[in-house]
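Structural overview for review
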Amino acid sequence: MSLHPVTERVTARITERSRSTRAAYLARIDAAREQGTARARLSCGNLAHGFAASGDDKAPLRALRAANIGIVSAYNDMLSAHQPMEHYPALIKMAARNAGASAQFAGGVPAMCDGVTQGRIGMELSLYSRDVIAMATAVSLSHEMFDAAVMLGVCDKIVPGLLIGALSFGHLPTILIPAGPMTSGLPNKEKARVRQAYAEGKATREELLDAESASYHGPGTCTFYGTANSNQMLLEVMGLHLPGAAFVNPNTPLRDALTVAAAERACAITALGSEYTPIGHTIDEKAIVNAMVGLAATGGSTNHAIHLVAVARAAGIRIDWDDLDELSRATPLLARIYPNGSADVNHFQAAGGLGIVIRELLDAGLMHADIRCVHGGDLRMQAQEPYLDDLQLRWREAPRQSLDTQVLRGAAEPFDHEGGLHCLKGNLGRAVVKISAVAPEHRRIEAPARIFDSQDALLAAFKAGSLNGDFVAVIRGQGPRANGMPELHKLTPTLAVMQDRGQRVALLTDGRMSGASGKVLAAIHVSPEAVCGGPIGKLRENDLILIDADAGIMQAEVDPGEWAARASAEIDLGGNRHGVGRELFGLMRAHACSAEEGGSALFVEG
C-alpha cells in the first residue's frame, strides 16, 4: 500500500524541520555506543561498587562478557496500575539469567495518580512530575552498568517521563513493560450518571463513593480511554512493546509470559549482538507520525498534544499542533471507547484491539510500516495478538475484522471520517480540542465569556445558581508557568449537567483537561498562556467568543482596535507557591516552555 499523501507530506515536513536537531541527537547517541559491555569501561573500584550486592549475578557481572539489563520502575502499591509490577523485577532477573545475562534494579521513579489528586492542590505537581520522572530515569541509568533497559510504567506522565529519560540514553535498547488494565467494573456510563447526579445534589457522597469504588475496583489501569491507556497505544504503534502487550489484564499467566519475553528480548538487542536496536533509532520521525495517527484514530488523550511533543523533542524531533491537526483530519476514527463511547478498553481488546487498528491504518497508508520495532520486525508484525499454547507464548494474526462494530471498526466504515483531535487558531492564540466525544451539534458555540480564576470559582458560581443561559467558561492562569497546568477534570460533571439542561456551554482555558475529557466542548492548552502575555488574558466578562472545532477557529469577537489596545488582566499567583510540595517546584514554574512546545522545563537551549 502506498503512503497516504497527508502522512507523506507531514512526515517530510517534520523531517526537514528537525534536520539539524535530529542529526545532532543521533551523532551524540551513536558516539555513546559501547564496544563490549558498558561496565567494561569502569574502574575496578567503580565496578566493585556496582556488583557488591549482586549475589549469584556477581560472577557474570565481573566477567564483563554478557549483557546487563537495567530495570527502571514506577512501582508503588497505591496506584492500581503499578501495583502489579511488584514481582516484575524477579521475573526479569530470572529471564535474564536464563538467557545468559543479568539484570539489576537500576532505580525507581515517582508515580503520582491524577485520579487521586484530581481537583486537589497536588494536581499542580502533576505535569512537573513528568520531568522529575525523566530526570530520575537518567539518574538510574547514569552508572554505566547497563547494556539495555526495561521500563516499568503505565500511567499519565509516567510513560512520557520514562521515554524522555530513556532517550537521553538513546544508545541503549529499551523496552516498555506494562501491567495492563483492570477487569471491567461498573460501566463508565453509569459512573458518569452518578457523578452528574452528585453535582446536582441528587446523589449522596456515599452513593458517589460506591459508584467510584465499583468502577475503580482492583489492580490494573483504569479501564476508560484516558492518558494511561493512550500511552499503551502509543507504545504499540511506535514499536516499543512486544506485539499486543498493551491491554492484557494483570496477574494472569499471559501477562507474566509477556514480561518474561520482554526481558529476554532486551537481552537479545544490545550492542553485544547482531540485533542492536537502540531506542534513539526506534523513535524516529516515522514512529512519531505513527503516534499522532494512532491518537487521532482512537480518540486518544489530549494530554499527548503536550507529552508527545516533549518526547519527540527529547529525540531531536520537532512537531507542533498543525502536524497533529493535519494528520487527524485525514485519519478515520476507528474506536469508540469511553469517554468517546460506552465501551471500556477490555471491550475494545475483545473486539480485536490494536492489532486491527494498526493493520487498518497500515492498509490505508496512514501509518509507516518501516519502523524499527523492538521485536525485530516492522509495524505490520506488531499487528498481532499474544496467546499461550500450553504455557508457550506465541503470536497470531489479529482477527480479520472487528468482533464488535459498536466498539471498533475498519477504515472503510469508520465512526467518523476525521480523527478525534483538532487545533484551534485565532486572536486568542492556539489551542487543542478533542471532538471524538463531542456531538456534532455541540462543536460550535458563540456565546459570552464568564471569567474565572479557578475551577473552584466556577463550581461556586454553579452552586449559587448564577450560571444561567449560554456561555463560554474562561479559566485562565492555569498554564505550565502559572501553576503547573493542572487538569480541570473536576468541571466535567458540572458542565455536562448544564449542557443536558439545554444550555450551550464550553470551556476555554490555558490549563489541561484530562484524557477523560467528555461531551462538553473544551478549547484547552491555550498558548501563549495568560501569565506569559497570552491574549486569553485580555478577555473581559461578557466578551463574545466563537469556538468552532470543525473549522478550527477560536476567536474573541471584539473590535480589533479595542482588542489591540487592551492590557492583559493581572493574574494573582500568590496562593499556589507553597503547600503540598509546591515550594520545591519554583524552578520548573520559572522555566517551563509553552504547552505546544511540550510544557517542559528540561529543554534549556545553549
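Anything mentioned here points back to the structure above.
Report on the accompanying structure. As the structure is a prediction and not an experimental result, all values here were calculated from the model.

Conventions and cut-offs
- Residues numbered from 1 in each chain as written.
- Predicted model: local features only at pLDDT ≥ 70, side-chain atom pairs only at ≥ 80, totals over all residues.
- Heavy atoms only, no water.
- Helix = DSSP H or I, 4+ residues; strand = E, 2+ residues; numbered from the N terminus.
- Rg over C-alpha atoms; globule rule 2.2 N^0.38 Å.
- Buried < 20%, exposed > 50% of the residue type's maximum accessible area, 1.4 Å probe, protein only.
- Contact = heavy atoms within 4.5 Å.
- Areas by Shrake-Rupley, 256 points an atom, 1.4 Å probe, with all protein chains shown as cover.
- Lys, Arg positive; Asp, Glu negative; His and termini not counted.
- Charge placed at Lys NZ, Arg CZ, Asp CG, Glu CD.
- Pairing = 2+ DSSP bridges.
- Axes fitted to C-alpha atoms, helices over the stretch in contact; angles between N-to-C directions.
- Salt bridge = Lys/Arg side-chain N within 4 Å of Asp/Glu carboxyl O.
- Nonpolar A, V, L, I, M, F, W, Y, C, P; charged D, E, K, R; others polar.
- Phe/Tyr/Trp six-rings, centres within 6.5 Å; stacked < 30°, edge-to-face > 60°.
- Polar contact = N/O pair within 3.5 Å; in protein donor to acceptor, adjacent residues only side chain to side chain.
- Arc of directions from axis to C-beta.

Description of the overall build of the protein
Broken down by element type, the protein carries 24 helices and 14 strands. By the compact-globule yardstick of 25 Å for 606 residues, the protein fits well, its C-alpha radius of gyration being 24 Å. Principal axes of the C-alpha set define a box for the protein whose edges measure 75 × 50 × 50 Å. By the burial criterion, 61% of the 606 residues in the protein qualify as buried. In the protein, once contacts between residues fewer than 6 apart in sequence are set aside, the share between residues at least 24 apart is 79%. With the model as given, the accessible surface of the protein reaches about 22100 Å², and the carbon-plus-sulfur share is 53%. Side chains of the protein carry 57 positive and 66 negative charges; the gap between the two charge centres is 2 Å.

Section: the sheet that holds strand S4 (residues 174-177)
Strand order across the open sheet formed by four strands is S2-S1-S3-S4, with parallel pairing between neighbours. With one partner strand each, in any of the chains shown, strand S2 (102-108) and S4 form the two edges of the open sheet. Strand after strand, the sheet turns through a mean of 25° between neighbouring axes, direction not considered. The sheet contact formed by strand S1 (residues 68-73) and strand S3 (residues 148-152) spans five bridges and is parallel. Each bridged residue has a counterpart across the sheet, and for glycine 70 the counterpart in S3 is alanine 149. Here helix H7 (residues 126-141) sits on the sheet and contacts S1, S2 and S3; the angle it forms with S2, its principal contact strand, is near 140°.

Some details on the pattern of salt bridges
Using the criterion set out here, one finds 37 salt bridges in the structure. Between aspartate 147 and arginine 39 there is a salt bridge, with its nearest N and O atoms 3.5 Å apart. Of this pair, aspartate 147 sits in the loop between H7 and S3 while arginine 39 sits in the loop between helix H2 (19-31) and helix H3 (44-51), and the two are 108 residues apart along the sequence. Residue aspartate 147 shares its accessibility class with arginine 39, and that shared class is buried.

Some remarks on unusual backbone geometry
Residue proline 339 is bonded to the preceding tyrosine 338 through a cis peptide linkage, with omega at 15°. Here proline 339 lies in the loop between helix H16 (321-330) and helix H17 (345-350). The omega torsion of the bond from serine 527 to proline 528 falls at 0°, within 30 degrees of zero and hence cis. Following the sequence through the fold, proline 528 ends up in the loop between strand S12 (521-527) and strand S13 (544-548). For glutamate 144, which is not glycine, the phi dihedral falls at a positive 60°. Of note, glutamate 144 is situated in the loop between H7 and S3.

What to know about helix H11 (residues 227-237)
For H11, the tally of buried residues reaches eleven of eleven residues, placing the bulk of the element in the interior. Residues of H11 that are buried include every one of Thr227, Ala228, Asn229, Ser230, Asn231, Gln232, Met233, Leu234, Leu235, Glu236 and Val237, and no others. Positive phi appears at glycine 239, one or two residues downstream of H11, with a value of about 80°.

Digging into the packing of helix H8 (residues 158-167) against H11
Between H8 and H11, the least distance of the axes is 9 Å, while the angle of their chain directions is 40°. Here Val159, Pro160 and Leu163 of H8 come into contact with H11, specifically with Asn231, Gln232 and Leu235. A breakdown of the residues in the contact of H8 with H11 according to their chemical character gives four nonpolar, two polar and no charged.

Some points on the pairing of strand S6 (residues 392-397)
Here six bridges tie strand S5 (residues 384-389) to S6, and the two strands are oriented antiparallel to one another. In the sheet register, tyrosine 387 faces S6, and the bridge partner there is arginine 394. The antiparallel hairpin formed by S5 and S6 contains two residues in its connecting segment, where aspartate 390 sits at a positive phi of about 55°.

Observations regarding the side chain of aspartate 131
The topology assignment puts aspartate 131 in helix H7. Overall, aspartate 131 belongs to the buried group, its relative accessible area being 1%. Look past the residues within four positions of aspartate 131 in its chain and what remains in contact with it is Met588, Ser600, Ala601 and Leu602.

Points about the packing of aromatic side chains
Enumeration according to the criterion identifies three aromatic pairs in this entry. Ring centres of tyrosine 128 and phenylalanine 585 lie 5.9 Å apart, and the angle between their planes is 10°; on these two criteria the pair is classed as stacked. In this pair, tyrosine 128 sits in helix H7 while phenylalanine 585 sits in the loop between helix H23 (560-565) and helix H24 (586-591), placing the two residues 457 residues apart along the sequence. Taken as a pair, tyrosine 128 and phenylalanine 585 share a single burial class, namely buried. With a centroid separation of 6.4 Å and an interplanar angle of 75°, the aromatic rings of tyrosine 216 and phenylalanine 224 are classed as edge-to-face. Judged by its relative accessible area of 29%, tyrosine 216 is partly exposed.

Section: the side chain of aspartate 147
Under the relative-accessibility criterion, aspartate 147 is labelled buried at 6%. Separated by 2.8 Å, the side chain of aspartate 147 and the backbone nitrogen of alanine 38 make a polar contact. Setting aside its immediate chain neighbours within four residues, aspartate 147 contacts Gly36, Thr37, Ala38, Arg39, Ala66, Ala67, Asn68, Leu172, Pro173, Thr270 and Leu272.

Focus on helix H5 (residues 88-98)
Of all the positions in H5, only Tyr88, Pro89, Leu91, Ile92, Ala95 and Ala96 are classed as buried. What you see down the axis of H5 is that its buried residues fit within an arc of 160°, all on one side. Residues of H5 that are exposed and point over 90 degrees away from its buried face: Ala90 and Asn98. Residues of H5 that are buried sit in contact with S1, S2, S3, S4 and helix H12 (253-268). After H5 finishes, the residue glycine 100 shows a positive phi value of roughly 80°.

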